Amino acid sequence: MFGWQGNYLHVNLTKNKAVVKTYDAIFAFNYLGGRGFAAKILWDQLKPGTDPLSPENKLVFATGPLTGFGLPNSGKLIIASKSPLTGGYGDGNIGTKAAVVMRKAGYDGVIIEGKAKTPIFLHLKENVAEFVDAKDFWGLNSFETEQRLKPLYERTAGIISIGPAGENLVKFATVVSQEGRSGGRPGMGAVMGSKNLKAVVFEGSGILSAAHPKEFKELSSESYREVMTKPGFEFWKRQGTMSTIEWSQENCALPTLNFREGVFDEATEIGGYAMEKIKISNRGCPQCNMTCGNIVKDSDRKESEVDYENVAMLGSNIGLGNLGQVAALNRVADELGMDTISLGNVLGFIMEASERKLIPEKILWGKFKDTKALVNDIAYRRGLGGTLAEGVRYTADKIGSESRDWAMHVKGLEISAYDCHAAPAMALSYGTCPVGAHHKDAWIIGWEIEYGRDSYGEEKVAKLVETQQLRGGVFEALTLCRFPNVQLGLELEWYPKFLIATTGMDLSWGTLNQIADRTSTLIRAFWVREFGKNWTREMDVPPARWFKEPLKKGPLKGSKLDEDKFNGMLNKYYRKRGWDERGIPRKSTLKRFGLGDQADQLSKHVSLSE
Ligand code: PTT
Ligand code: SF4
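A quick note: this is a predicted structure, and the numbers were derived from the prediction, not measured.

## So, the site of ligand 2
Move 1: Neighbouring ligand 2 are the residues N73, K76, R181, G284, C285, C288, M290, T291, C292, C481 and F483.
Move 2: For the shell around ligand 2, the class distribution of residues is six nonpolar, three polar and two charged.

Structure follows, in structure tokens:
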């Protein structure tokens, strides 16, 4: 096969064993790569009911057929597992040299199972898998870990690691690379920690061969050039995702004080233009010529990479209006290896609980030093930090009463940075995202605001499914960064051309969308298999706050979601997906995607509708 290497490495940490396994063209054609591969592997290889933090859970690193080729933004890696935060399918997409080097070492993916007796790191290259003692590394933060590992290996090595949060099994610990790129929101770092795996170092110098080398070479230079000609290119390089702060504020979608409001009085202080004043450089993922990581000097005089989500969640959502301090919190989260979105949620939640006197501790909005101390307590599970380390759903269950109404999560994954009091389609996007509340599968709020916020109609459901197919389906399977397309408008026609040149396969958008739908149906089946009779459609419904408490400030004051209309919209969504009124894929739908065996297995856990 061209494009795909046709194999992955299966590593067992209990037995110190690594075996190369091959896969065939049918697997590649049905699932394409990245999230598609991860979903199929986890369905096939994970026993239902596996404890996510047990040696039996599997951690999957997966790439796509274009990863590592000289094509726009092909330096990303999917990290997937059964999530300790949600109990369902979890993944994240991280930009890292490790993705490129893993492919050059000859692997499309790595599956890790078991648990090392003592802390280790893995060194993987062509025909080599070393299990290296990491006792001296355990306890280091993710930046120190990478800095200490780098000189031991080739300059081109790609490294991913966890920080203390992953070691201490914080449920929203992430995997970190290149001092600031962080992926795997639903606790992929905790899964790594549970296996005593501190880091993975990839080395590889093989050549990726394209099916049509001459055409590929031309496409490569043309497409990179095309990215640079896009009208938004210069501004993007200046601000990256940070201009979204101003956009969200204008559109009453900036999460403020635990998603109570959609506008923040100090938005300008933490926005894109304020960021430009303290910006020192750009950083980014490999294979990218539109790098968007804004490196700023933070209030601790350290360098921190800020994106919209980090700043909204650690800024407006916790009432902190000083960008240098927000950046410092972000840096601490990166060092400790914790997801900033979930972190901003648990902090906002506990500040609200304190304000309402539901807990004895006094935790005030927007207090930098106290918040920083609490962030450290979470990573090391000290005092109240130990509770917050379990995530917002757990914390609300512990505090009880009405606090569940404003515990901002879906399926246990904390909501990313868009307030939905006046955005029903975005609320549905959070509700139905395959990993829990993440904007990655469908940032539909931009379109929704243009189209009209009030509607709960069929057209919004259709647009949502189409967006999920493209972003959550195709980009996550190709494992390419979606920003050239969604931020700068690189035309979709490029992508099938990339596939022909590299793999030799002529995949139409119809075929790609079918692969996307197969994967999302399989992931839904995975969730239902895990939850069995406890699965309910309520798991697709966002928190009560957006339905019960209208906005009190800003131009959309008085807005809230309508529960009945939302439920109607959810029904339409299920119909469009071929799922029944419980949100469970119908037998006929599973069969339509070639998932007949999966239907048989699933029917042992729940009754399936025809
Ligand atoms: C992603 C989520 C995001 S999405 C952000 S900012 W964003 C947060 N970044 C964090 C961070 O930084 N440090 C930290 N400790 N935690 C963080 N949590 C949050 O994680 C990321 C970019 C961004 S920046 C986005 S939107 C796009 N996401 C893509 C995606 O999901 N798929 C895809 N095919 N392409 C994408 N391109 C963009 O990549 P998760 P990264 Mg991240 C400091 O991983 O789990 O998916 O959560 O990977 O390399 O940093 O790139 O405004
Ligand atoms: Fe990474 Fe940003 Fe480039 Fe995407 S645009 S590949 S997130 S640096």
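## So, the sheet that holds strand β3 (residues 59-62)
Strand pairing in a sheet relies on backbone hydrogen bonds, with the paired strands running either antiparallel or parallel.
Move 1: What the six strands build is an open sheet, ordered β2-β1-β6-β3-β4-β5; its pairing is mixed. Here the strands that pair on one side only, and so sit at the sheet edges, are β2 (17-22) and β5 (89-95). Looking at each pair of strands side by side, their axes are set apart by 20° on average, direction ignored.
Move 2: Pairing between β3 and strand β4 (residues 76-82): three bridges, direction antiparallel.

## Focus on the side chain of H421
Move 1: Mapped onto the secondary structure, H421 falls in the loop between β17 (413-414) and α17 (424-432).
Move 2: With a relative accessible area of 1%, H421 lands in the buried category.
Move 3: Here E549 takes part through its backbone oxygen, which lies 2.8 Å from a polar atom of the side chain of H421.

## Topic: the packing of α17 against helix α24 (residues 563-577)
Move 1: Two elements in contact, α17 and α24, have axes separated by 11 Å at closest approach and are oriented at 55°. As summarised for this structure, α17 and α24 are arranged oblique, according to the angle between their axes. Remark: the crossing between α17 and α24 carries right-handed chirality. Counted together, P424, A425, A427, L428 and T432 of α17 and F566, M569, L570 and Y573 of α24 form the full contact between these two elements.
Move 2: Residues that form the contact of α17 with α24 fall into these classes: eight nonpolar, one polar and no charged.

## Quick word on the packing of aromatic side chains
Move 1: One pass over the full model with this rule turns up 27 aromatic pairs.
Move 2: Residues W236 and F483 carry aromatic rings whose centres are separated by 5.1 Å and whose planes lie at 75° to one another, so their mutual orientation is edge-to-face. With W236 in helix α8 (residues 233-239) and F483 in helix α20 (residues 483-486), this residue pair connects regions lying 247 residues apart in the sequence. For the pair formed by W236 and F483, the shared burial category is buried.
Move 3: Each residue in the set Y8, Y23, F27, Y31 and F37 is aromatic and connected to the rest through ring pairs, giving one cluster.

## Examining the coordination of the magnesium atom of ligand 1
Move 1: Exactly one donor from the protein chain reaches the magnesium atom of ligand 1: S182 (O), at 2.6 Å.
Move 2: Relative to the helices and strands, S182 resides in strand β11 (residues 181-183).

## Remarks on unusual backbone geometry
Move 1: The backbone of N127 shows a phi angle near 55°, a positive value even though the residue is not glycine.
Move 2: Its place among the elements puts N127 in the loop between β7 (120-125) and β8 (128-133).
Move 3: N127 gets classed as exposed once you look at its relative accessible area, which sits at 77%.
Move 4: One non-glycine residue, Q287, lies in positive phi territory at about 70°.
Move 5: Locating Q287 in the fold gives a position in the loop between β13 (279-283) and β14 (293-297).

## What to know about the environment of S304
Move 1: Relative to the elements of secondary structure, S304 occurs in strand β15 (residues 303-306).
Move 2: The exposure class of S304 is buried, given its relative accessible area of 3%.
Move 3: Sequence-distant contacts of S304, defined by excluding residues within four places in its chain, comprise N294, I295, V296, D298, A327, N330 and R331.
Move 4: Engagement of the side chain of S304 in a polar contact is seen with the backbone oxygen of A327, the distance being 2.8 Å.

## Regarding the pattern of salt bridges
Opposite charge on two side chains permits pairing when their charged atoms draw close.
Move 1: In this structure the tally under the stated criterion is 40 salt bridges.
Move 2: For E167, the salt bridge goes to K198, with nearest N and O atoms at 2.6 Å. With a gap of 31 residues between them, E167 in helix α5 (residues 164-167) and K198 in strand β12 (residues 197-202) connect regions that are remote in the sequence. The same class applies to E167 as to K198, namely buried.
Move 3: One salt bridge in this structure joins R185 and D339, with 2.7 Å as the shortest N-O distance. Separated by 154 residues along the polypeptide, R185 in the loop between β11 and α6 (188-194) and D339 in the loop between α12 (323-336) and α13 (340-355) bring together distant segments of the chain.
Move 4: Given a relative accessible area of 6%, R185 falls into the buried group.
Move 5: One connected set of salt bridges, linked through shared partners, spans R260, E352, E355, R356, E402, R545 and E549.

## With respect to the site of ligand 1
Move 1: Every one of the 31 residues lining ligand 1 counts as a neighbour, but G95, S182, D334, D339 and E476 are closest to it.
Move 2: At 2.7 Å, a backbone N or O of N93 approaches an oxygen atom of ligand 1.
Move 3: Contacts to ligand 1 include D339, whose side-chain N or O atom sits 2.6 Å from a nitrogen atom.
Move 4: For the shell around ligand 1, the secondary-structure elements that each account for two or more residues are β5, β11, α11 (308-314), α12 and α13.
Move 5: Among the elements that line the shell around ligand 1, the one with the most residues is β5, at four residues.
Move 6: Here the residues of the shell around ligand 1 are counted per class, giving eight nonpolar, twelve polar and eleven charged.

Parameters and conventions
- Residues numbered from 1 in each chain as written.
- Chains lettered and ligands numbered in written order.
- Predicted model: local features only at pLDDT ≥ 70, side-chain atom pairs only at ≥ 80, totals over all residues.
- Heavy atoms only, no water.
- Near = heavy atom within 4 Å.
- Nonpolar A, V, L, I, M, F, W, Y, C, P; charged D, E, K, R; others polar.
- Pairing = 2+ DSSP bridges.
- Helix = DSSP H or I, 4+ residues; strand = E, 2+ residues; numbered from the N terminus.
- Axes fitted to C-alpha atoms, helices over the stretch in contact; angles between N-to-C directions.
- Buried < 20%, exposed > 50% of the residue type's maximum accessible area, 1.4 Å probe, protein only.
- Polar contact = N/O pair within 3.5 Å; in protein donor to acceptor, adjacent residues only side chain to side chain.
- Parallel < 35°, antiparallel > 145°, perpendicular 65-115°, else oblique.
- Left-handed = near helix turned anticlockwise from the far one by under 90°.
- Contact = heavy atoms within 4.5 Å.
- Phe/Tyr/Trp six-rings, centres within 6.5 Å; stacked < 30°, edge-to-face > 60°.
- Donors = N, O, S within 2.8 Å, 3.2 Å for Na, K, Ca; no water.
- Salt bridge = Lys/Arg side-chain N within 4 Å of Asp/Glu carboxyl O.

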